Amino acid sequence: MRGSDRCLNTSKEAQRVCMTNCPTLIVMVGLPARGKTYISKKLTRYLNWIGVPTKEFNVGQYRRECVKIYRNFEFFRPDNEEGLKIRRQCALTALNDVREYLGVEGGQVAVFDATNTTRERRNTIMKFAEQNEYKVFFVESVCEDPNVIAENIVQVKLGSPDYIDCSTEEAIQDFMKRIKCYENSYQPLDETLDRTLSYIKIMDVGRRYLVNRVQDHIQSRIVYYLMNIHITPRSIYLCRHGESDLNVKGRIGGDSGLTLRGKEFAQCLGRFIQEQNIKDLKVWTSQMKRTIQTAEGLSVPYEQWKALNEIDAGVCEEMSYEEIQDHYPLEFALRDQDKYRYRYPKGESYEDLVQRLEPVIMELERQENVLVVCHQAVMRCLLAYFLDKSAEELPYLKCPLHTVLKLTPVAYGCKVESIFLNVEAVNTHRDKPENVNISRLAEEALLTVPAHQ
């Protein structure tokens, strides 16, 4: 349902009763440098990945667009009337954009990223949500650990446009004074005063949590996700299995073993991992022969996950693209029209695969250093999560054989290093053809099929 259909207002009851699928407004709460934007961005990325249209609205960004030149912390002083007026106006502008996104653009969740440290400000947001028939879920980040705060300032705030012309020391001093401007008026969420609100309070970046009045499925997913993430420095290594017999023949799916070049890659991967000298590395594979044979070359313990098995191509398993076009031309065209949502007859779609991989993502978020030896479609899904790629981009991400991608989480994203291990392999990437019409000629359908035996 959309708009007014989402909530009821009966003659018997003056109050509005929110329908189950009302849009959700997530409201961040906390002092500066407590990781609110980090949480906002990660949460937005996760919800979009699982298929919940989500957008973040960072009030600091609205302020920077309004006030082009930031001078110093004085702007944030509670007695600076001009600063207060500008900040209040920026918050209202952001909320208007929230209304547009949730009401007109078809969004389901908006993340309102600001300090929201006073009960007065939070009440204003609650009234706005009530008027627009949104559910509200607060996410408060509380941190008293000076080392974590200092690290956050150095990692994130020094790169802010606010401090582009400052020395590191000047920027840190000014930002610490900015935090002081908020401290005196800060009213944390209170178990008694705010008992009717829905919220999660995250203390000292996940050492403790307090969860109150979770209202629905979306909020429970949010809580589950936030209780699994951490900020410990680590790297995740993603690679496909070594080249397989069916890869060489241009056939999809199946459970074939490695070619000689595939076995050579497995040995090279083992040497590469040894050279990296990674602390407490965990290795995960699928339950398919080609990933297991690849992991055997590492000479380290590994764990098999059924969830990491390649996308099920159903009736098209072990067929070449030419054979699929020959036997199922309509299916082939439909898949090209919407590769993410298309489901193979008796098989899976990329959308199905994302749902299957959610437990893997949750466990990857909990872990530190992990090597995942997987498959092309699976690697695309995992990569799309970490790199914040859309459903349209996901099925066409390039994940070549015999190449390791090293993903290292940084401030608000992920640093990617691509390492080719110098073992030649067949190309299995097929770009989307220009003509996806069901009446196209076979030659047009097969135009982007990579060369094979």
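Everything numeric here is computed off the predicted structure, so don't read it as measured data. (Residues numbered from 1 in each chain as written. Predicted model: local features only at pLDDT ≥ 70, side-chain atom pairs only at ≥ 80, totals over all residues. Heavy atoms only, no water.)

Asker: A description of the sheet that holds strand β12 (residues 370-374) should follow, citing residues and the corresponding values.
Answerer: If you trace the six strands from one edge of the open sheet to the other, you get β11-β10-β12-β9-β13-β14, paired in mixed fashion. A single partner strand is all that each edge strand has here, and the edge strands are β11 (303-304) and β14 (413-420). Judged from the two bridges that link them, strand β10 (residues 282-285) and β11 form a sheet pairing that is parallel. Across the sheet, Thr-285 pairs through a bridge with Gln-304, a residue of β11. Lying on the sheet, helix α9 (residues 260-276) is in contact with β9 (236-240), β12, β13 (403-410) and β14; it crosses β9 at an angle near 170 degrees. (Pairing = 2+ DSSP bridges. Helix = DSSP H or I, 4+ residues; strand = E, 2+ residues; numbered from the N terminus. Contact = heavy atoms within 4.5 Å. Axes fitted to C-alpha atoms, helices over the stretch in contact; angles between N-to-C directions.)

Asker: So what about the sheet that holds strand β3 (residues 24-29)? Which residues, and what values?
Answerer: As summarised here, the arrangement of the six strands in space is β4-β5-β3-β6-β7-β8, forming an open sheet in which the pairing is mixed. One side of each edge strand has no neighbouring strand; the edge strands of this open sheet are β4 (54-58) and β8 (208-212). Looking at each pair of strands side by side, their axes are set apart by 15 degrees on average, direction ignored. Across the sheet, helix α2 (residues 59-66) lies against β4 and β5 (109-113), angled at about 50 degrees from β4, the strand it touches most. Packing against the sheet, helix α4 (residues 119-132) makes contact with β3, β5 and β6 (135-142), and its axis sits at approximately 175 degrees to β3.

Asker: Please provide a residue-by-residue account of helix α1 (residues 36-49), values included.
Answerer: Relative to the 20 Å expected for 14 residues at 1.5 Å per residue, α1 spans 20 Å between its end C-alpha atoms, a close match to the ideal helical length. For α1, the full list of buried residues reads Lys-36, Thr-37, Ile-39, Ser-40, Lys-42, Leu-43, Thr-44, Arg-45, Tyr-46, Leu-47 and Trp-49. Just beyond α1, the residue with positive phi is Gly-51, at close to 100 degrees. (Expected span 1.5 Å × (residues − 1). Buried < 20%, exposed > 50% of the residue type's maximum accessible area, 1.4 Å probe, protein only.)

Asker: Now, about the side chain of Arg-63: what can you tell me, with residues and values included?
Answerer: Turning to its location among the elements, Arg-63 is positioned in helix α2. For Arg-63, a relative accessible area of 6% puts it in the buried group. Within polar-contact distance, the side chain of Arg-63 engages the side chain of Asp-162 at 2.9 Å. The contact partners of Arg-63, leaving out residues within four places of it in the chain, are Tyr-70, Phe-75, Phe-76, Cys-90, Asp-162 and Arg-178. (Polar contact = N/O pair within 3.5 Å; in protein donor to acceptor, adjacent residues only side chain to side chain.)

Asker: Talk me through unusual backbone geometry; I want residue IDs and the actual numbers.
Answerer: In this model, Ser-299 sits at a positive phi of 55 degrees, which is unusual for a non-glycine residue. For Ser-299, the position within the fold is in the loop between α10 (289-296) and β11. Its relative accessible area of 68% is what places Ser-299 among the exposed residues. Positioned with a positive phi, Glu-318 is a non-glycine residue whose angle comes to about 65 degrees.

Asker: Please give an account of the nonpolar core that cites residues and values.
Answerer: Core analysis: the largest hydrophobic core is formed by 54 residues, its most contacted members being Leu-226 and Leu-382. Broken down by element, the residue count for this core peaks at nine residues, all from helix α14 (residues 376-387). Once residues within four sequence positions are removed from consideration, Leu-226 is found in contact with Ile-39, Leu-43, Val-139, Ile-200, Ile-202 and Tyr-209. With 45 residues, the next largest nonpolar core counts Tyr-62, Ala-114, Val-142 and Ile-153 among its residues. (Core = buried A, V, L, I, M, F, W, Y, C linked by side-chain atoms within 4.5 Å.)

Asker: Tell me about the state of the cysteines, and name the residues and values.
Answerer: Following the criterion strictly, the structure yields zero disulfides and no others. As a non-bridged cysteine, Cys-143 has Cys-181 as the owner of its nearest cysteine sulfur, 19 Å distant. In this structure Cys-143 comes out as buried when scored by relative accessible area, which is 3%. Looking at Cys-181, the relative accessible area reads 10%, which means it is buried. (Disulfide = S-S within 2.5 Å.)

Asker: Hey, could you go over the packing of aromatic side chains for me, with residue numbers and the actual values?
Answerer: Counted under the stated rule, the structure contains 14 aromatic pairs. Relative to Tyr-163, the ring of Tyr-70 has its centre 5.6 Å away and its plane inclined at 80 degrees; by these criteria the two rings are edge-to-face. Note that Tyr-70 is positioned in the loop between α2 and α3 (81-103) and Tyr-163 in the loop between α5 (146-155) and α6 (168-183), a separation of 93 residues in sequence. Of the two residues examined, Tyr-70 and Tyr-163, each falls in the buried class. Taking 5.9 Å as the distance between ring centres and 65 degrees as the angle between the ring planes, the aromatic pair formed by Phe-128 and Tyr-134 counts as edge-to-face. Considered together, Phe-128 and Tyr-134 belong to a single accessibility category, that of buried residues. Through successive ring pairs, a cluster of aromatic residues spans Tyr-70, Phe-75, Phe-76, Tyr-163, Phe-175 and Tyr-182. Stacked on the ring of Tyr-396, the Lys or Arg Lys-339 has its end atom at 4.6 Å from the ring centre. When the ring centre of Tyr-321 is taken as reference, the NZ or CZ atom of Arg-430 above it lies at 5.5 Å. (Phe/Tyr/Trp six-rings, centres within 6.5 Å; stacked < 30°, edge-to-face > 60°. Lys NZ or Arg CZ within 6 Å of the ring centre and 35° of its normal.)

Asker: Run through the pattern of salt bridges, naming residues and quoting values.
Answerer: According to the stated counting rule, one finds 23 salt bridges in the structure shown. Two residues, Glu-243 and Arg-261, come together in a salt bridge whose shortest N-O distance is 2.7 Å. A residue pair is termed long-range when its members are at least 10 positions apart, and Glu-243 in the loop between β9 and α8 (245-248) and Arg-261 in helix α9 qualify at 18 residues. Among the residues examined, Glu-243 registers a relative accessible area of 2% and is labelled buried. Overall, the relative accessible area of 35% leaves Arg-261 in the partly exposed class. Put simply, Arg-63, Arg-64, Asp-162 and Arg-178 are held in one network by salt bridges that share partners. (Salt bridge = Lys/Arg side-chain N within 4 Å of Asp/Glu carboxyl O.)

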